[in-house]
Amino acid sequence: MYTASWCTLLIFSSFVSSLPVQLSGRRALAERDVQKKGIVLPFRRNRRVGRRAFQEVLAGSIGLGDYADMYYSVSAQVGNTTTALSLDTGSSDLWVMSDACRTESCTKSTSTAYSTSSFSPIGATVNLTYGDSTTGTYAAGPVGLDAVTLAGLMMPNQVLAAINDTDNSAVSGGSAGIMGLGFPAESSVQTAVINAKFDNPRTTDDFVSNIATYGPLVTRLVMTGVINEPMFAITLQRDTIDVGGNGQLTIGQLPEGVLNSSITWVPVRLYSPENGGLSPPAFASQEVYPLRWEVPLDNVFLDNKQLAGSTQQPNGVSSPGLSALIDTGNSIVRGPQDVVHNILSTVSPAYAANSNSKATFPCATPHTLAFQIGGQTFPIDPRDFPVQAQAGNTSTCVASNIVATDAPAHGALFSWSLGDPFLKSNLVVFYYGNLTHPSVDPPRIGFMSMVPHNASAALQTAVSSAQQNGGVFASTVQAAPTASSIVDLGVSTKAPTPYDKTSQDRTLAHSSPSGTAPRSTLSRFWYIAVVALSLLSRHAV
């Protein structure tokens, strides 16, 4: 879900007295880790701030809930409350509907509200807004600290918003809030904390140097060295038309069985301050930071034919280029108005004759919308193109999964927002890289198509089965599972070696997914000690 709360981080007002260590270096692995099967990634390894000589290295995975292929959720423990949160790569903030929320959306929600008994407020509030100019929602409430566990990985003193006022549809779609997985630069919660803690600083020094303390959840797992790699991967299941697939969030490594050779990696767009991005801090004055998970597009295709480019004029920016936001919080695909009109006119004679009509077409006619990224084509499965137009009718469908969106603008340069239909068809890996010095290890996204060669035939079979079932397509609703798996990738027992600027590769230790691997005594000692000390210091932060 695209965060409409202002993308440009406010300019802060003070300098830090000590500068953070520049992230560099390659962590040495214990001998037993080197013997494990490795995956070579096309990245440079960077040293995490604060990594100890003895450091447990973890990765975690957890299944996803699915509400009608519109809201994908993940189970998380926030303080003493275990609840489901909407998984959102289009925003950066963690917020939970609290037990103090009395708005209509909250009172009608069937999700478990967050008990604020363990919440430590910091004296700041946020009003988060989501969506584009036609689909905006909000969530407001106090900001504070609490322990949060996601995919078995616990982070004490995590900043979050305890929402007491919202109309956001996430709380009515099987979730109690949003787990934002974006970059710190787009985090309104971190901004509110920094303003409160550092008296509204005029520079971004305090903001960037405190990502490890006050940043979004997964970026803190990266900065504190808890996870093996600064990445997470997502696959989404399909719960309508033709039920199948495996929804999963994997943090800290590639999913089990996925080889790097099958992934296409492309750079994440960096935003200059002039385009609405984060102003660089004094200690990294030449850096340009990512704002969101946005990548360049080469071309767009419909049924193997390249579509003409958009002539839609950007709003207040010049030559933004063609790019796409990769957004799990968006249940559809959004694109330039003229290109979307072309797509709907091509697949629907009714819409071509009258653009005020619904874009209807035969359900059994497969259509494939595809996006060329990094020189490779990544299609949307034909089963994710149609939507049933009328209950009981499986002959006529509507192309309502594709709609027009706003033109590129300051702080939002993307032309397309590729939501859940795209992510049901492709495994996507989100790599943060170096969060304080992106030039050292740039952020990027990896794509792997999961569309089977017989997808068109599978659609026709699904339509035929629905017709035999009284006009009812297969569908299901899946609650977010609470079981998670932690993989122990070993203990680093040596100081990191100096960063090798000539190396283009790194080795990712890869282990069996068979549950939680046993931890060594030393590893367990460090993990328990660090978590215990963090919890004891929580109220002093």
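**Q** Quick rundown of the overall build of the protein chain? Include the residues and the values.
**A** Scanning the protein chain for helices and strands turns up 11 helices and 35 strands. Out of the 541 residues in the protein chain, the part that is buried amounts to 58%. Residue pairs in contact within the protein chain that sit at least 24 positions apart in sequence constitute 78% of those at least 6 positions apart. Carbon and sulfur atoms form 53% of the exposed surface of the protein chain, whose accessible area is close to 20,700 Å².

**Q** An account of the confidence of the model for the protein chain is requested, with residue identities and associated values reported.
**A** For the protein chain, the average pLDDT comes to 84, and 79% of its residues sit at 70 or higher. Across residues 5-54 the pLDDT falls below 50, and counting only partners more than four positions away or on other chains, this stretch makes 182 contacts in the model. Predicted confidence for residues 537-541 stays below pLDDT 50, and this span has 12 contacts to residues more than four positions away or in other chains.

**Q** Go over helix H7 (residues 337-347) with me, naming the residues and quoting the values.
**A** Residues spaced three or four apart along an α-helix point in a common direction, a consequence of the helix completing one turn every 3.6 residues. Listed in full, the buried residues belonging to H7 are Val339, Val340, Ile343, Leu344 and Val347. Projected down its long axis, H7 carries its buried residues within an arc of 130°, all on one side.

**Q** Please give an account of the side chain of Thr137 that cites residues and values.
**A** Its place among the elements puts Thr137 in strand S8 (residues 137-150). The exposure class of Thr137 is buried, given its relative accessible area of 16%. Polar contacts involving the side chain of Thr137 include one to the side chain of Asn168, which spans 2.8 Å.

**Q** Break down the packing of aromatic side chains for me, citing the residues and quoting the values.
**A** All chains considered together, the criterion is met by 14 aromatic pairs. With a centroid separation of 5.6 Å and 70° between ring planes, the pair formed by Phe361 and Phe385 is classed as edge-to-face. Of this pair, Phe361 sits in strand S23 (residues 360-362) while Phe385 sits in the loop between strand S25 (376-379) and strand S26 (387-390); the two residues are 24 residues apart in sequence, bridging distant segments of the chain. Classification of Phe361 by relative accessible area gives buried; the value is 4%. On the numbers, 5.5 Å between centres and 45° between planes, the contact of Phe378 with Phe447 is tilted. Of the two residues, Phe378 sits in strand S25 while Phe447 sits in strand S31 (residues 444-449), which places them 69 residues apart along the sequence. When its relative accessible area of 3% is taken as the criterion, Phe378 is described as buried. For Phe447, a relative accessible area of 0% translates into the label buried. Ring pairs connect the aromatic residues Phe183, Phe232, Trp293, Phe430 and Tyr432, which therefore count as one cluster.

**Q** If you had to explain the sheet that holds strand S19 (residues 299-302) to someone new, which residues and values would you point to?
**A** Read from one edge to the other, the open sheet built from four strands follows the order S20-S19-S24-S25, with strand pairing classed as antiparallel. At either end of the open sheet lies a strand with only one pairing partner, and these are strand S20 (305-306) and S25. Bridge count between S19 and strand S24 (residues 369-373): four bridges; the pairing is antiparallel. Bridging from a neighbouring strand, Leu302 pairs with Leu369 of S24.

**Q** Now, about the state of the cysteines: what can you tell me, with residues and values included?
**A** Scanning the entire structure with this criterion turns up two disulfides. The disulfide partner of Cys101 is Cys106, and the gap between their sulfur atoms is 2.0 Å. One disulfide, between Cys101 and Cys106, carries an S-S torsion of 70° and so falls in the right-handed class. Under the relative-accessibility criterion, Cys101 is labelled buried at 5%. A sulfur-sulfur distance of 2.0 Å marks the disulfide that ties Cys363 to Cys397. Between Cys363 and Cys397, the S-S torsion sits near 100°, and that sign places the bridge as right-handed. With Cys363 in the loop between S23 and S24 and Cys397 in strand S27 (residues 393-398), this residue pair connects regions lying 34 residues apart in the sequence. You can call Cys363 buried: its relative accessible area is 1%. When the cysteines engaged in disulfides are numbered in sequence order, the protein chain pairs them as 1-2, 3-4.

**Q** Can you explain unusual backbone geometry? Please cite residues and give values.
**A** Negative phi is the rule for most residues except glycine; trans is the rule for most peptide bonds. Backbone geometry places Asn200, a non-glycine residue, at a positive phi of 50°. Position of Asn200 relative to the elements: it lies in the loop between helix H3 (188-197) and helix H4 (205-209). A relative accessible area of 46% places Asn200 in the partly exposed class. Despite not being glycine, Ile241 has its phi angle at roughly 65°, a positive value.

**Q** Could you give me a rundown of the pairing of strand S12 (residues 231-235), with the residues and numbers involved?
**A** Among the five residues in S12, five count as buried, and that is most of the element. Residues Met231, Ala233 and Thr235 point to one face of S12 and Phe232 and Ile234 to the other, with burial holding for every one of them. Sheet analysis places S12 next to strand S30 (residues 426-431), joined by four bridges and oriented antiparallel. Each residue of the ladder has a partner; that of Phe232, found in S30, is Phe430.

About the thresholds
- Residues numbered from 1 in each chain as written.
- Predicted model: local features only at pLDDT ≥ 70, side-chain atom pairs only at ≥ 80, totals over all residues.
- Heavy atoms only, no water.
- Helix = DSSP H or I, 4+ residues; strand = E, 2+ residues; numbered from the N terminus.
- Buried < 20%, exposed > 50% of the residue type's maximum accessible area, 1.4 Å probe, protein only.
- Contact = heavy atoms within 4.5 Å.
- Areas by Shrake-Rupley, 256 points an atom, 1.4 Å probe, with all protein chains shown as cover.
- pLDDT = per-residue confidence, 0-100.
- Arc of directions from axis to C-beta.
- Polar contact = N/O pair within 3.5 Å; in protein donor to acceptor, adjacent residues only side chain to side chain.
- Phe/Tyr/Trp six-rings, centres within 6.5 Å; stacked < 30°, edge-to-face > 60°.
- Pairing = 2+ DSSP bridges.
- Disulfide = S-S within 2.5 Å.

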